[in-house]
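# Results of the structural survey
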Amino acid sequence: MKKLIYIMLSLCCLVFYSCGMTEPWKDWEHEGDMSADRLRPSEVKELLCAADGWKMIYQGVTFYFQFDEEGNVASDSDETLLKNEVGTDYSLDFQGEKAVLLTLLNGGMLQYLNENSETTFVITGYSDSQITAVGQTHGKEMILTPVSTAALQQAKERKRLAIIAYNKAQAMDLLKGELNNGVFRRSSSSFLAHYLIICDESNNWKVKISAIDNGVVKHTEYPMIIDTTNDENAVLTLGSNVTVDGISLNKLYYNYLNGEIETDNANVVCDTRKASDIAAWYADGWKTHIVDQDEIHADFKGIFHSGVEFDDRNPRNLIACPWSGMGSYIGFAVTMTADNATGRIFISLGEPYDLFGWNNNPADYNRVQQDYSKFLSFCVSEDGFYWSYDDNDSMVYVLSATGERWFRMKK
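Residues numbered from 1 in each chain as written. Predicted model: local features only at pLDDT ≥ 70, side-chain atom pairs only at ≥ 80, totals over all residues. Heavy atoms only, no water.

### Side note on the overall build of the chain
In terms of helices and strands, the chain carries 6 helices and 25 strands. Expressed as a percentage of its 411 residues, the buried residues of the chain come to 41%. Of the contacts formed within the chain by residues at least 6 apart in sequence, a portion of 49% connects residues at least 24 apart. As presented, the chain carries roughly 21300 Å² of accessible surface, and 49% of it is formed by carbon and sulfur atoms. (Helix = DSSP H or I, 4+ residues; strand = E, 2+ residues; numbered from the N terminus. Buried < 20%, exposed > 50% of the residue type's maximum accessible area, 1.4 Å probe, protein only. Contact = heavy atoms within 4.5 Å. Areas by Shrake-Rupley, 256 points an atom, 1.4 Å probe, with all protein chains shown as cover.)

### Some thoughts on unusual backbone geometry
Residue P315 follows N314 across a cis peptide bond; omega there is 10°. You will see that N106, though not glycine, has its phi angle at about 65°, which is positive. By secondary structure assignment, the location of N106 is in the loop between β5 (100-104) and β6 (120-126). For N106, a relative accessible area of 56% puts it in the exposed group. Here the phi dihedral of D245 falls at roughly 50°; this positive angle occurs in a residue that is not glycine. Inspection of the secondary structure assignment puts D245 in the loop between β13 (233-244) and β14 (247-255). On the accessibility criterion, D245 (58% relative accessible area) is exposed.

### Some thoughts on the layout of surface pockets
What the largest pocket holds in volume is close to 450 Å³. Broken down by element, the residue count for the lining of the largest pocket peaks at 5 residues, all from helix α3 (residues 149-176). Among the residues forming the lining of the largest pocket, the class breakdown is 8 nonpolar, 6 polar and 3 charged. Per-domain counts for the lining of the largest pocket show at least three residues from each of domain 1 (41-147) and domain 2 (178-272). (1 Å grid on protein atoms, 1.4 Å probe; cavity = no way out; pocket = protein on both sides within 12 Å on 5 of 7 lines; lining within 4 Å. Points joined across faces, edges and corners; volume = space filled by probe spheres on them. Nonpolar A, V, L, I, M, F, W, Y, C, P; charged D, E, K, R; others polar. Domains from an automatic or database assignment.)

### Examining empty space enclosed by the protein
Tallied over the full model, the rule gives 2 cavities of 30 Å³ or more. Considered as a void within the structure, the largest cavity measures approximately 120 Å³ in volume. Residue lining of the largest cavity: 15 residues in total, with V183, R273, K274, I278 and W387 positioned closest to the centre. When residues of the lining of the largest cavity are traced back to their parent elements, those giving at least two are β9 (181-186), α4 (275-284) and β23 (385-389).

In structure tokens, the structure reads:
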């Protein structure tokens with residue numbers, strides 16, 4: 001029995017050796033041979049966490065860092081970078097005897113630099129009063145010095161006021177452009193309505209709300225007045241009370257500090273992701289969604305012989321079957337484009353083809369195109385759609401941007 005075990009262990013060693021998995025301790029085998037005065041990650045961590053915080057002037061920007069024992073770091077900057085504090089993870093490692101590597105996941109606040117951004121500090125010396133390093137990628141000097149809690153708070157307040165002042169000055173332009181459309185969701189994340197903020201050449205403001213009401217999409221425009229005199233928010237007051245699926249909305253707020261749109265109803269949140277974000281998700285993170293034949297406009301009910309889905313193949317397809325049960329699976333390659341200015345998604349479909357190449361039967365293609373003509377023509381509408389998805393991506397709503405048709409998909 002002992003011989004058998006020995007043979008099996010020997011075979012395992014040979015297998016691991018052949019796969020490049022042998023001797024995983026090799027990278028660390030000389031650690032115990034290092035000199036007593038080597039630089040140690042544990043000592044650097046103790047320094048980082050002992051101070052109230054650290055500051056560093058790099059690329060003309062003053063950065064601030066606060067580290068804790070659990071591997072978390074809060075990073076911020078002065079008013080040069082008008083971005084809110086970034087919380088992320090950090091890790092420490094050594095590089096021989098003379099360097100300790102301090103890595104901030106995604107670079108923390110440094111990710112917002114236009115050039116010479118870094119994620120890893122190569123630390124070559126440290127004391128209670130200073131940590132000396134260079135950036136691993138660009139080799140620029142990075143000197144960290146301790147900073148008090150009072151100094152950190154003063155810096156945070158200066159930054160807060162600067163962000164508010166900038167966003168307040170830009171509020172009108174942002175509401176006309178980058179923030180002019182999005183989705184209202186229930187606090188549970190489920191879809192409620194799409195909204196589009198509109199300002200005409202005479203500077204008259206209104207909001208168009210598109211929602212499903214009694215089985216059809218209704219597009220309603222409401223006048224709106226914007227007040228930017230408040231120091232915390234721009235207040236967008238709707239000219240008449242708005243009720244969407246029984247939920248009342250009277251005001252929207254553009255929060256100067258966090259740059260987000262909020263509502264006066266705790267049950268409604270705003271999602272300002274752009275149409276291009278949805279198109280990018282469809283191209284990359286999309287999972288197959290099946291068209292829900294119950295949650296759909298009346299024009300599309302009863303026309304599907306079998307399930308219809310938007311698949312996750314590459315390239316993406318709209319897939320239909322000309323009859324129930326086994327048979328041809330007809331695919332139309334999907335191309336999606338986005339218009340952020342209006343929040344609309346546009347789709348084009350390729351020529352039909354047999355997804356698995358079994359039949360290549362033109363009669364099947366003709367049957368799908370004929371029987372599903374209403375749905376297919378809707379999918380390629382020149383007016384485009386508003387797409388919305390719940391936070392867990394389980395439900396996707398596709399609403400006509402101008403008409404009353406719509407459908408829902410579920411993962």
